[in-house]
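Summary of the model geometry
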Amino acid sequence: MSDLFAKEDATYRPFPLEDFRGNPLVEAMNEAPETDEDLNDQLVIVPKIDEQELALPARYRKHLPSRLHRIFLPGPEHRGIYNLCFDLILESYRHKNPLSVAGQRHLYSDGLGRACAPSNYFGRIATLIGPSGTGKSTTVGRVLSTLGPQVIRHQNYEGKPCFETQLLYHYLNISESLRPEDIYVYAGKLAGELTGNRLIAKSPGINRSLEDKREYCRRALTGSHTGILVVDNIEYIFRARPAVRDEVFSMILHIRDQFEIPMLLVGTSEAGAYLQADDSVASRFIEGGYRTLERATGPGDEYWAALVDTAWSFSWVRNPSLLTSTLQGVIYELTQGVMRYLFVLLVQAQVVAIETGTETIDEDLLRKVFRDYMRPVHPIVRGLATNDPEVMANYESMYQRSTIKLPGTSQSVTEAALKMAIKARKEERRSEERARA
């Protein structure tokens, strides 16, 4: 099997704490930033802009504003999530040094007899909750990549042979058709593919027992030195039938206790509501930490204002306008603090400004883009603005149905964009007919 995923050779950095010194799994991680400013510098992503690009013809330049979707601006909540993940991974590796006797015992155990391990040796579970469109998955992905390469290849540590491949973080997206046995196989097989391990990548047959698939997953994640397992879309767990839901709960706890791997569970506000309603489940799922990402409640929200200002400052129109407080208010009115809607609005506004030759963005253009290109989300935006009980209660399902129809989403195009394309084609045909006449 060829290596489908990139690996990086380990670069070791001495770790200042005695508990972790001499552990290649820890010393191969990126160094923790000393200050919030240093962490911001590591987390932030802004698009590249070349002044020469402004001279490009409109037919090329209109493709550049989509770079705004790459923006990641860290705030206090994002720094908190970074610290949470760093702590979970660090504790995960405390007793798993592959050069120590305890680390070798962990690697080659059959998964039984873990009662002899210290109580703080078990993994912990943390949870990240927030409404759709607030950047949860983007945040987790950015945080994890800042901690270090996903796959690290070890060969020699301080003159000692250390032929190990480390999976610093493992990310799973689950779906509505989840079953514990499928998740076990999926997690194990993906770990094998990521690390290039042929034996792990060969998953057990469909007729094998749940115990066989669980053991396969344990060997895959343990053998690849998985630092943290992230499970996204956990709202699907709570939507499942009670029997399936309980099985998945047991699977999560088994991974924590028997695999000794910490987990970060990521879900929408729907999942958060379920956790608030069930103390017994919540107590297990938030023991390692609980973080939230919320929608901005107004144009004056400090983080939101900074995000809008940052996105506005990257412009490929030839006559960019100043971001006034009036425009700040209009942008919030048309997006209601939903980050996904913000980038769709600003990207599409630049595209229209370039295509039409106006080369500037003002309030009228923003409202036109919202009216013509963001029609699928009008009910959500109106409902959020008025705190409509029906919209607030059904936000998640409405968001999922409407977002796939927005510009820049691969599954579809907006109804407005399709109509405009048809109209433009009809006008071209009329022009051709007049020319022939």
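Before reading on, note that the structure itself is shown above.
Everything quoted here is computed from the prediction, not taken from an experiment.

The next subject is the overall build of the chain. In terms of helices and strands, the chain carries 21 helices and 8 strands. In the chain, which comprises 437 residues, the share counted as buried stands at 50%. A separation of at least 24 residues holds for 76% of the contacts in the chain among residues at least 6 apart in sequence. With the model as given, the accessible surface of the chain reaches about 21600 Å², and the carbon-plus-sulfur share is 51%.

Quick look at the environment of Ala 296 now. Position of Ala 296 among the secondary structure elements: in the loop between strand S8 (289-292) and helix H14 (302-313). Contacts of Ala 296, omitting those with residues within four sequence positions, involve Asp 301, Trp 304, Tyr 332, Gln 336 and Gly 337.

What follows deals with the packing of aromatic side chains. The description of an aromatic ring pair rests on the distance of the ring centres and on the angle between the ring planes. Throughout the structure, instances matching the rule amount to 10 aromatic pairs. Ring plane angle 20° and centroid distance 6.2 Å describe the contact between Tyr 82 and Phe 86, whose orientation is recorded as stacked. Residue Tyr 82 and its partner Phe 86 are both found in helix H4 (residues 76-93); the two are separated by 4 residues, about one turn of the helix. Among the aromatic residues, those joined into a cluster by ring pairs are Phe 238, Phe 249, Tyr 274 and Phe 285.

With that settled, consider the sheet that holds strand S6 (residues 229-232). Read from one edge of the open sheet, 5 strands run S5-S6-S7-S2-S8, paired in parallel fashion. Each edge of the open sheet is held by one strand with a lone partner, namely strand S5 (170-173) and S8. The mean angle between the axes of side-by-side strands here comes to 15°, regardless of whether they run parallel or antiparallel. Summarising the sheet, strand S2 (residues 125-129) and strand S7 (residues 263-267) pair through 5 bridges and their orientation is parallel. If you follow Ile 129 over to S7, its bridge partner there is Gly 267.

This part is about the pattern of salt bridges. For the structure on display, the rule yields 21 salt bridges. One salt-bridge network, held together by shared partners, links Asp 19, Glu 91 and Arg 94.

What counts and how
- Residues numbered from 1 in each chain as written.
- Predicted model: local features only at pLDDT ≥ 70, side-chain atom pairs only at ≥ 80, totals over all residues.
- Heavy atoms only, no water.
- Helix = DSSP H or I, 4+ residues; strand = E, 2+ residues; numbered from the N terminus.
- Buried < 20%, exposed > 50% of the residue type's maximum accessible area, 1.4 Å probe, protein only.
- Contact = heavy atoms within 4.5 Å.
- Areas by Shrake-Rupley, 256 points an atom, 1.4 Å probe, with all protein chains shown as cover.
- Phe/Tyr/Trp six-rings, centres within 6.5 Å; stacked < 30°, edge-to-face > 60°.
- Pairing = 2+ DSSP bridges.
- Axes fitted to C-alpha atoms, helices over the stretch in contact; angles between N-to-C directions.
- Salt bridge = Lys/Arg side-chain N within 4 Å of Asp/Glu carboxyl O.

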